[in-house]
Amino acid sequence: MGQLNAGIVPVTPFQQNCTILFDADDKSGVVVDPGGDVDRILAAIKDNGINVTAIWLTHGHIDHAGGAMDLKDALGVEIVGSHEADRMLLDNLETQAVRFGLTGAVRNCVPDRFLTEGETVSFGEHQFEVLHCPGHAPGHVVYYNRAAKFAHVGDVLFHGSIGRTDLPGGDHDALIRSIKEKLLPLGDDIGFICGHGPGGRFGEERRGNPFLV
């Protein structure tokens, strides 16, 4: 098993961190949260010789799932996630797009399967635990690789901030519980990639994030 690597492709006007997780040796991998700009994502996959085996979604907001169906069609792979509580969001991506003036660039998303707390997903020999972390979105999940001490947290937690909770299905108290009860106990040394902006380590957020201290 090679090292777990990650490449970020910022997509859409939301500058969402579409993430390609891959094995450094055999180049197998997955795309996490293809929010749009699918041609750019496909170019990054081709330029780096990645063999994508699946698309993983953290949650059902337009900037994370808006390009998932087009990418599925292009690659012929399954869409996995998020939790079923996000079904209504994924069913209404085209309606979300109208609000942001993105008509024609977004399709409603039908995952091949939803995920639940405690499941595992993998590519190659890299295994990720699924944590259901509602608050930003009802069905938000986090992908945690224990061996690499790494988590993809989507929009649950940011460097110095947390996910917004004023969107449909948002719940501030639930979000704080998700962070404090599910993420931070994993350990201060866990590194993370988030949905927007730079990542960090859980210990830095536990000590200095103004929303958590």
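Scroll up a little and you will see the structure.
Worth saying up front: this structure is predicted, and the values here are computed from it rather than measured.

Enquirer: Got a minute to help me understand the sheet that holds strand β9 (residues 141-145) in this structure?
Expert: Strands pair in a sheet through their backbones, by hydrogen bonds, and they do so in one of two ways: parallel or antiparallel. Pairing within the open sheet is mixed, and its 6 strands lie in the order β7-β8-β9-β10-β13-β14. A strand with exactly one partner marks an edge of an open sheet, and here the two such strands are β7 (120-123) and β14 (200-201).

Enquirer: When you look at helix α3 (residues 68-75) in this model, what are you seeing that I'm missing?
Expert: Three- or four-residue spacings in an α-helix give side chains the same orientation, since the helix completes a turn every 3.6 residues. For α3, the complete set of buried residues consists of A68, M69 and L71. Within α3, the buried residues cover an arc of 160° as seen down the axis, which keeps them to one side. In this fold, the buried residues of α3 make contact with β3 (28-32), α1 (38-47), β4 (51-56), α2 (62-65) and β5 (78-83). A positive phi of about 70° marks G76, the residue just after α3.

Enquirer: In this structure, what is going on with the packing of aromatic side chains? I would like to understand it.
Expert: The relative placement of two aromatic rings is captured by the distance of their centres and the angle of their planes. Per the counting criterion, the structure on display carries 5 aromatic pairs. Aromatic pair W56 and F123: ring centres 6.1 Å apart, planes at 55°, arrangement tilted. Of this pair, W56 sits in strand β4 while F123 sits in strand β7; the two residues are 67 residues apart in sequence, bridging distant segments of the chain. A relative accessible area of 2% places F123 in the buried class.

Enquirer: Just checking my understanding: could you explain the nonpolar core for this structure?
Expert: Considering soluble globular proteins, one finds that nonpolar side chains tend to be buried as a cluster. Counting 27 residues, the largest nonpolar core has I20, V31, I41, L57 and C109 as the members making the most contacts within it. A total of 4 residues in this core trace back to one element, the largest contributor, which is α1. Residues in contact with V31, not counting those within four places in the same chain, are C18, T19, I20, I41, I45, V52, A54, I55, W56 and L71. In terms of nonpolar packing, the next biggest core, distinct from the first, is built from 20 residues, L131, I162, L184 and C194 among them.

Enquirer: Can you walk me through the layout of surface pockets in this structure?
Expert: Any empty space left between the atoms is revealed when a probe the size of a water molecule rolls over them. For the largest pocket, the calculated volume is near 480 Å³. Along the walls of the largest pocket sit 22 residues, with H61, Q96, F100, L167 and P168 positioned nearest its centre. Taken together, the elements giving at least two residues each to the lining of the largest pocket come down to α2, α4 (87-91) and α5 (93-99). Counted by class, the lining of the largest pocket contains 11 nonpolar, 7 polar and 4 charged residues.

Enquirer: Would you explain the pattern of salt bridges in this entry?
Expert: Two side chains with opposite charge may pair up if their charged atoms get near one another. In this structure the tally under the stated criterion is 12 salt bridges. Among the ionic pairs, K149 bridges to D189, the shortest N-O distance being 2.9 Å. Here D189 lies in the loop between α6 (172-183) and β13 (191-194) and K149 lies in the loop between β9 and β10 (150-154), a separation of 40 residues in the sequence. You can call K149 partly exposed: its relative accessible area is 43%. The closest approach of N and O atoms between D166 and R164, which form a salt bridge, is 2.7 Å. By relative accessible area, D166 is classed as exposed at 56%. Salt bridges sharing partners connect three or more residues here, namely D70, D73 and R107.

What counts as what
Residues numbered from 1 in each chain as written. Predicted model: local features only at pLDDT ≥ 70, side-chain atom pairs only at ≥ 80, totals over all residues. Heavy atoms only, no water. Pairing = 2+ DSSP bridges. Helix = DSSP H or I, 4+ residues; strand = E, 2+ residues; numbered from the N terminus. Buried < 20%, exposed > 50% of the residue type's maximum accessible area, 1.4 Å probe, protein only. Arc of directions from axis to C-beta. Contact = heavy atoms within 4.5 Å. Phe/Tyr/Trp six-rings, centres within 6.5 Å; stacked < 30°, edge-to-face > 60°. Core = buried A, V, L, I, M, F, W, Y, C linked by side-chain atoms within 4.5 Å. 1 Å grid on protein atoms, 1.4 Å probe; cavity = no way out; pocket = protein on both sides within 12 Å on 5 of 7 lines; lining within 4 Å. Points joined across faces, edges and corners; volume = space filled by probe spheres on them. Nonpolar A, V, L, I, M, F, W, Y, C, P; charged D, E, K, R; others polar. Salt bridge = Lys/Arg side-chain N within 4 Å of Asp/Glu carboxyl O.

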